[in-house]
Every structure is written in C-alpha cells, then in structure tokens.
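# Per-entry structural report
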Amino acid sequence: MKSGYSAPAMFREDFVQIVTADKAGIARAARALVEGQLVGMPTETVYGLAANARDPAAVARIFAAKGRPSFNPLIAHVASLEAAENDGRFNELARRLAEAFWPGPLTLIVPVQEQGTVCDLARAGLDTIGLRVPAHPVAQSLLNLLDFPLAAPSANPSGRLSPTTAQDVAEELSEELGMVLDGGQCVAGIESSIVTVLPDQQPQLLRPGAIERSELEAVVGPLMDGASLAVMAPGQLASHYAPRARLRLNAGSVREGEVLLGFGPGAPAKALNLSARGDTVEAAANLYQMMRQLDSHDVAVIAVMPIPDSGLGQAINDRLRRAAAPRSE
Ligand code: TXA
Ligand code: MG
C-alpha cells in the first residue's frame, strides 16, 4: 500500500472480489456504494473507482486508494443529461455536445449548480464540475439503481496505466476496494475526451480521448487547447480555489485575530479539528467543509496546524499551499 495510508479493516480483510455484473451483482454493488464503500465499475472507456459523489468520507477513500499527492477533481458519473443538469449548468453549446455524445465517452466541464450535491472534495473545491453519462450497460444499470452521482477516477494507482479489465483493477487496487463489477473488457480502452464549456468562452479540449477532435468540432466548431489543472501553478488557479481569508500554515499556536483549524489530539478542544485522532483520510473528508465554515466567520487569517505528509497529508498540504499562495486580486 502507498504512502503509509492504512485502510480501514473492512477494506483490508478480504481480497477484492470480482463480481459478475448480473442483476444480483449490480444490486450488491449498489448496496456497497450506499454504505460508502468503493466499487470498481466498468465503463466503455476504462474501469472507474467509484464512490458516492455526495459523501466526502467515501471520496477521501478514493484519493487514498489512488495514492496521489494532490486532489484532482473527479468526474461525476450520472445516468442522463437530466440528472447531469442537477449538478452542472449547461448552456446551449454544452447541451448540444451532451445530446450528440451521451451516453458515451465525453466528459463535460461546466459551472457547478448552486444547488448541486456533489461534495467539494470531489470537485477539489472548484466551482466547475466534470460530468459524464457512461454508455456501458453495467454502469447505466448501476447508476439507475442509485439516487446519487458516482465520483470515479480511472481505477489505477497514481502513475499507472488505466485498467481496462476487472482483473487489472483487482490486481492494482486489491487492498482498497470491496469489489469490482466485471463488465468485460472496455471497448474504448482510453479515457473520455474532456471538453470545458464555460459561459462567454470558446470551448476547450482539456484532454483528447475516445472521441476524435474532428467529431467534437463538427458539433461545436473549433476547440481551443485547454491546460489541465494538474499542470497549473498555484498562482494560476482561479481565486475561487481559495478561501477569502489568508491561510497561515504549520501554525504552532493561534494569534490575535486568527481562527484555528486544528489537526490531531494536540489541538485545543474548542478549535475545529480536521481529525482529532490524526487520521489524514478523515481530515481530507473534512477539509473543504471546515475551511468554508471558518471562512464564513469573515476572519483575516485561518491558522492551520501542521499536517504530516503521510497518507492523504501530502494532498491536503498541496491543497493548503495552493490556497495560501499569493493571489492576483
Ligand atoms: O474515461 C474516463 O473519463 C474515466 C472513466 C472512469 O470515466 N475517468 C477518468 O477520470 O479518466 P480521471 O480522474 O482519471 O481523469 C479525469 C480528469 C482529471 O485529469 C481531472 O483533472 C479532470 O478530469 N477534471 C475533472 N473535473 C474537472 C474540473 N472541474 N475542471 C478541470 N478538470 C477536471
Ligand atoms: Mg486517470
């Protein structure tokens, strides 16, 4: 297992089960997802590592399983364009793309709905959201049994190839997930094409993928090349990525005019605490919601106690450093 993260016992006890994706298997996967577990899900592109997109604790386990040193926003998978519109705002261009390619290997990045239900952690705190309606019949059946979207990155540990069979998933992530639904070999074998459609902006091709650029451009006209978030420096990130208050990191104590975001058993009892038991997965699940809560007090500075770089600590610290970086506003 990666970076010292220790999985909760329920994920460690058994090796991952490869479950036949018949009616009973899909129903079992749905129950596991309702309980907050991770499930390997076939899609027509690659296998996804799925969890309830509304549940920050479940989403934190996705990041822990991926072993990634930062929080990348996750695609929310939904059953239909109608369901997607609960979480994202679609202008005419976005709707045209959705109608042309959904269900299918297209992810659309659109502004998030104010009433949207996908948790901040799944969106990495952005005010946009990546949405996709997968075409794979197993993914479709699963989504139709659920009343929440599924956050799902490709089911590979960070830095490895995306898996295209249930066996690949089981081998790569055996300790982290309860089951993988076997939907056979993925037909596309490469990830979805990602197109960003924001108001007053030419649409951008953020990631070339299973749909050819020319096919996309036939529907919406020329696409700009977009820079992926992963390669953006802290200062380049939009200011909504950060709270209004300044952040002071690795704070040993709280100063006049500051509020404290605690971590671990040593934090003052009355401070908000990311994880009183010092668990970085729990801290990740609480991060955005607690920052938001402290920021709503209109304080100048949020002092954040040191967070170890082990487990999800690296990703949390990366996020905090970005939020603490000087902004050009
Ligand atoms: O085919 C696929 O898209 C597969 C299957 C499982 O659906 N999923 C997948 O997810 O490839 P992932 O997490 O490996 O790649 C998604 C990419 C990431 O690079 C992430 O940064 C980007 O989508 N992304 C998601 N939401 C975004 C947002 N709001 N803004 C910018 N980029 C976003
Ligand atoms: Mg991936």
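Residues numbered from 1 in each chain as written. Chains lettered and ligands numbered in written order. Predicted model: local features only at pLDDT ≥ 70, side-chain atom pairs only at ≥ 80, totals over all residues. Heavy atoms only, no water.

Looking now at the nonpolar core. Membership of the largest hydrophobic core comes to 78 residues, with the highest contact counts inside it found for F71, F90, W102 and L108. With nine residues, helix α9 (residues 280-295) is the single largest residue contributor to this core. Counting 20 residues, the second-largest nonpolar core is a separate cluster that includes L33, V39, M41 and L150. (Core = buried A, V, L, I, M, F, W, Y, C linked by side-chain atoms within 4.5 Å. Buried < 20%, exposed > 50% of the residue type's maximum accessible area, 1.4 Å probe, protein only. Helix = DSSP H or I, 4+ residues; strand = E, 2+ residues; numbered from the N terminus.)

So, on to the sheet that holds strand β12 (residues 246-248). Taken in spatial order, the four strands of this open sheet run β12-β15-β13-β14, and their pairing is parallel. Lying at the two open borders of the sheet, with one neighbouring strand each, are β12 and β14 (272-273). In this structure, β12 lies alongside strand β15 (residues 301-304), joined through three bridges in parallel fashion. Bridge pairing in β15 places R246 opposite V301. (Pairing = 2+ DSSP bridges.)

What follows deals with the packing of α9 against helix α10 (residues 313-324). As a packed pair, α9 and α10 sit with axes 9 Å apart at the nearest point and diverge in direction by 25°. As summarised for this structure, α9 and α10 are arranged roughly parallel, according to the angle between their axes. Crossing of α9 against α10: the hand is left-handed. Facing α9, whose interface residues are T280, A283, A284, L287, Y288 and M291, α10 presents G313, I316, R319, L320 and A323. Counted by class, the contact of α9 with α10 contains eight nonpolar, two polar and one charged residues. (Axes fitted to C-alpha atoms, helices over the stretch in contact; angles between N-to-C directions. Parallel < 35°, antiparallel > 145°, perpendicular 65-115°, else oblique. Left-handed = near helix turned anticlockwise from the far one by under 90°. Contact = heavy atoms within 4.5 Å. Nonpolar A, V, L, I, M, F, W, Y, C, P; charged D, E, K, R; others polar.)

What follows is about the pairing of strand β5 (residues 106-111). Regular strands show a simple pattern: their side chains alternate between the two faces of the sheet. Of all six residues in β5, six are buried; the element is thus mostly enclosed. As paired strands, β5 and strand β9 (residues 193-196) are joined by four bridges and run parallel to one another. For L108, the partnering residue across the bridge sits in β9 and is V195. As defined by bridge partners, β5 adjoins strand β6 (residues 128-132) across four bridges and the pair is classed as antiparallel.

Okay, the confidence of the model for the chain next. Summary statistics for the chain give a mean pLDDT of 90 and a share of 91% for residues scoring 70 or more. Every residue in residues 1-13 is under pLDDT 50, and counting partners more than four places away or in other chains gives 26 contacts. (pLDDT = per-residue confidence, 0-100.)

Below, the discussion takes up the site of ligand 1. In the neighbourhood of ligand 1, 22 residues make up the surrounding shell, with T45, N72, H77, S192 and R207 lying closest. A distance of 2.7 Å is found between an oxygen atom of ligand 1 and a side-chain nitrogen or oxygen belonging to H77. A distance of 2.5 Å separates an oxygen atom of ligand 1 from a polar side-chain atom of S192. Protein contacts shield 91% of the accessible area of ligand 1, which totals 680 Å² for the unbound molecule. (Near = heavy atom within 4 Å. Polar contact = N/O pair within 3.5 Å; in protein donor to acceptor, adjacent residues only side chain to side chain. Areas by Shrake-Rupley, 256 points an atom, 1.4 Å probe, with all protein chains shown as cover.)

Attention shifts here to the packing of aromatic side chains. Applying the stated criterion across every chain, the model contains two aromatic pairs. Where F90 meets W102, the ring centres are 5.9 Å apart and the plane angle is 70°; that geometry is what we call edge-to-face. Of this pair, F90 sits in the loop between α4 (81-87) and α5 (92-101) while W102 sits in the loop between α5 and β5, placing them twelve residues apart in sequence. Judged by its relative accessible area of 9%, F90 falls in the buried class. (Phe/Tyr/Trp six-rings, centres within 6.5 Å; stacked < 30°, edge-to-face > 60°.)

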